[in-house]
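Examining the three-dimensional arrangement
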Amino acid sequence: MAGDLVLITGASGHLGFRVLVLALEAGYNARVAVRSQAKANDIIAAPSIKARNSGSNVTFTIVPDILADGAYDAAVKGVEYIIHCASPLASGITDDFENQIIRPALRGTIGILESAQRTPGIKRVVITSSVVATIPFMEMFAESGKVFDGQLKVPFNPGPYKLEFEAYADSKVRALAATHDFVARMKPGFDVINLLPSFIIGKNELVTTVEDFAKGTNHLVFGQVLGFKNPAPLPGSTVYLNDVASLHVRALDPKIPGNQDYPANSGGIDGTTFSDAIEIISKNFPDAVNKGILPNDGTQPTKKLKMDVTKTEKVFGLTFAGLDKQVTEVAQNYLDLVAQS
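Along every chain, residues carry numbers that run from 1 in the direction the sequence is written. The model is predicted, so local features are restricted to residues of pLDDT at least 70 and side-chain atom pairs to those at 80 or more, both for listing and for counting; the totals for chains, interfaces and linings are taken over all residues. Heavy atoms throughout the structure, all of them, feed into the side-chain values; hydrogens and water do not.

Across its full length, the protein chain holds twelve helices and 13 strands. Rg of the C-alpha trace for the protein chain: 19 Å, near the compact-globule value of 20 Å for 341 residues, within the 12% margin. The principal-axis extent of the C-alpha atoms belonging to the protein chain is close to 60 × 45 × 40 Å. A simple rule labels every residue: compare its accessible area, found with a 1.4 Å probe on the protein chains alone, to the largest value its type can have, and call it buried under 20%, exposed over 50%, or partly exposed in between. Taking all 341 residues of the protein chain together, the buried fraction comes to 51%. Restricting to contacts in the protein chain with at least 6 residues of sequence separation, those with at least 24 account for 82%. Carbon together with sulfur atoms contributes 53% to the accessible area of the protein chain, which is approximately 14,700 Å² in total. In the protein chain, the 32 positive side-chain charges and the 35 negative ones have mean positions that sit 4 Å from each other. The secondary structure listing takes helices from DSSP runs of H or I that are at least 4 residues long and strands from runs of E that are at least 2 residues long, numbered from the N terminus. We compute the radius of gyration from the C-alpha atoms alone; for a globule the expected value is 2.2 Å times N to the 0.38, where N is the number of residues. By definition in these notes, contact holds between two residues if any of their heavy atoms fall within 4.5 Å. Here, Shrake-Rupley sampling with a 1.4 Å probe gives the accessible areas, and only protein chains in the shown set may cover a residue. Here the positive residues are Lys and Arg and the negative ones are Asp and Glu; neither His nor the chain ends is included. In plain terms, the charge of a residue is placed at NZ if it is Lys, CZ if Arg, CG if Asp and CD if Glu.

Structure representation (structure tokens):
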């Protein structure tokens, strides 16, 4: 498969960027769909891309509006594979849930499948979904002891949504259901793999300033290390960035069974306790704590969420890295940025 052309969306984001890096490492040629040339410039300037860009193995295509009919038609021409990471996150900056979260998630996913269906030669589409697509929203916080395995079909939430995260979860439910329906109805010549990660934690190379460090899912765990006190509990589920990115690239291998959903989560059945990050930082970065660079005195309550990801680990032949690896990598990333500022 080395040298095959893969279209990657969302490469200006935390996960998508790492997927691009690993795809290039694996020998693929990448066509990257971005919304603007400025996004492309940011990606090109990143050290990991500079080190792997031969001048011809990374190209860009501008898709300014993923809601437009045929938005990806030109982008998919000539590719063998598609990795679709682009989707809105719960960022805390919108209350227009329908137009900023639901519609882009749903239309972006179905739009790229429709474009792929119109294009001969595509072998597989890999889509970033989420574990929240397979867990009823209130059960994420119930600590019921029920074990989720990424296979449950969750009904749509009719709304209105009280929280942005609730809208985000429903966007993933709807996009996953629409993907299943598309495959069943259209019977495309390619197969589809849905990857369902929990909260993704790991170094974000595209964050280049301390001021921007609090953005994204890293903040959910690392915020307390920086002294943030969040009284609202979160489901105890995280996964290491490199593991999830690796799944996306390895999912292109025809040996991985297609038309299936694979959850990704660390910590075994019992998942993650976010407050453990405080102890991990104290153990591994005592000088930074003593100097106040890492205050390490915040709070982030966790609701236990049990998940079984043995199917994914068995099929892909990996064991998901634990919270220690995730937190220490992010902490070192933060300290490096502090040193450069």
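For Asp-191, the position within the fold is in strand β7 (residues 191-197). In this structure the side chain of Asp-191 is engaged in a polar contact, spanning 2.7 Å, whose partner is the side chain of Arg-124. Leaving out residues up to four positions away in the same chain, Asp-191 has contacts with Lys-123, Arg-124, Val-125, Gly-258 and Asn-259. Polar contacts, as used here, are pairs of N or O atoms within 3.5 Å; protein pairs need one atom able to donate a hydrogen and one able to accept it. Residues neighboring in sequence count only if both atoms are side-chain atoms.

Turning next to unusual backbone geometry. In this structure, the amide linkage connecting Gly-159 to the following residue, Pro-160, adopts the cis form with an omega of 0 degrees. Relative to the assigned elements, Pro-160 resides in the loop between β6 (147-148) and α6 (164-186). Even without being a glycine, Lys-187 presents a positive backbone phi close to 45 degrees. Mapped onto the secondary structure, Lys-187 falls in the loop between α6 and β7. Phi at Asn-259 takes a positive value of approximately 55 degrees, unusual for a residue other than glycine.

This part takes up the packing of aromatic side chains. To pair, rings of Phe, Tyr and Trp, with the six-membered ring standing in for Trp, must have centres within 6.5 Å; the planes then decide the type, stacked if under 30 degrees apart, edge-to-face if over 60, and tilted in the middle. A complete count under the given rule lists eleven aromatic pairs for this structure. Where Tyr-28 meets Tyr-81, the ring centres are 6.2 Å apart and the plane angle is 85 degrees; that geometry is what we call edge-to-face. With Tyr-28 in the loop between α1 (14-25) and β2 (29-34) and Tyr-81 in strand β4 (residues 81-84), this residue pair connects regions lying 53 residues apart in the sequence. Since its relative accessible area comes to 4%, Tyr-81 is described here as buried. Where Tyr-262 meets Phe-316, the ring centres are 5.2 Å apart and the plane angle is 90 degrees; that geometry is what we call edge-to-face. Placement of the pair is Tyr-262 in strand β11 (residues 260-264) and Phe-316 in helix α11 (residues 310-316), with a sequence separation of 54 residues.

On to the packing of helix α5 (residues 97-117) against α6. For the pair α5 and α6, the least separation of the axes is 9 Å and the interaxial angle reads 20 degrees. One element, α5, and the other, α6, form an angle in the roughly parallel class. Considering only the axes of α5 and α6, their crossing is right-handed. Contact residues: α5 offers Phe-97, Ile-101, Ile-102, Ala-105, Leu-106, Thr-109, Ile-110, Leu-113, Glu-114 and Gln-117, while α6 offers Glu-164, Ala-167, Tyr-168, Asp-170, Ser-171, Arg-174, Ala-175, Ala-178, Thr-179, Phe-182 and Met-186. Residue composition of the contact of α5 with α6, by class: 13 nonpolar, four polar and four charged. Working convention: axes come from line fits to C-alpha atoms, limited for helices to the stretch in contact. Angles between N-to-C directions cover 0 to 180 degrees. By the definition adopted for this analysis, an angle is roughly parallel if under 35 degrees, roughly antiparallel if over 145, roughly perpendicular if from 65 to 115, and oblique otherwise. Two helices crossing with the near one rotated counterclockwise from the far one by less than a right angle form a left-handed crossing, whereas a clockwise rotation gives a right-handed crossing. Any residue outside Ala, Val, Leu, Ile, Met, Phe, Trp, Tyr, Cys, Pro, Asp, Glu, Lys and Arg is labelled polar, Gly included; the first ten of those are nonpolar and the last four are charged.

Moving on, we get to the pattern of salt bridges. Salt-bridge detection follows one rule: a side-chain nitrogen of Lys or Arg within 4 Å of a carboxyl oxygen of Asp or Glu. Here the structure, examined in full by the defined rule, presents nine salt bridges. One salt bridge connects Asp-73 with Arg-118, and the closest N-O pair in it is separated by 2.8 Å. Taken as a pair, Asp-73 in helix α4 (residues 73-76) and Arg-118 in the loop between α5 and β5 (124-128) lie far apart in primary sequence, 45 residues in all. Between Arg-107 and Glu-114 there is a salt bridge, with its nearest N and O atoms 2.8 Å apart.

Keep in mind these numbers describe shape, not what the thing actually does.
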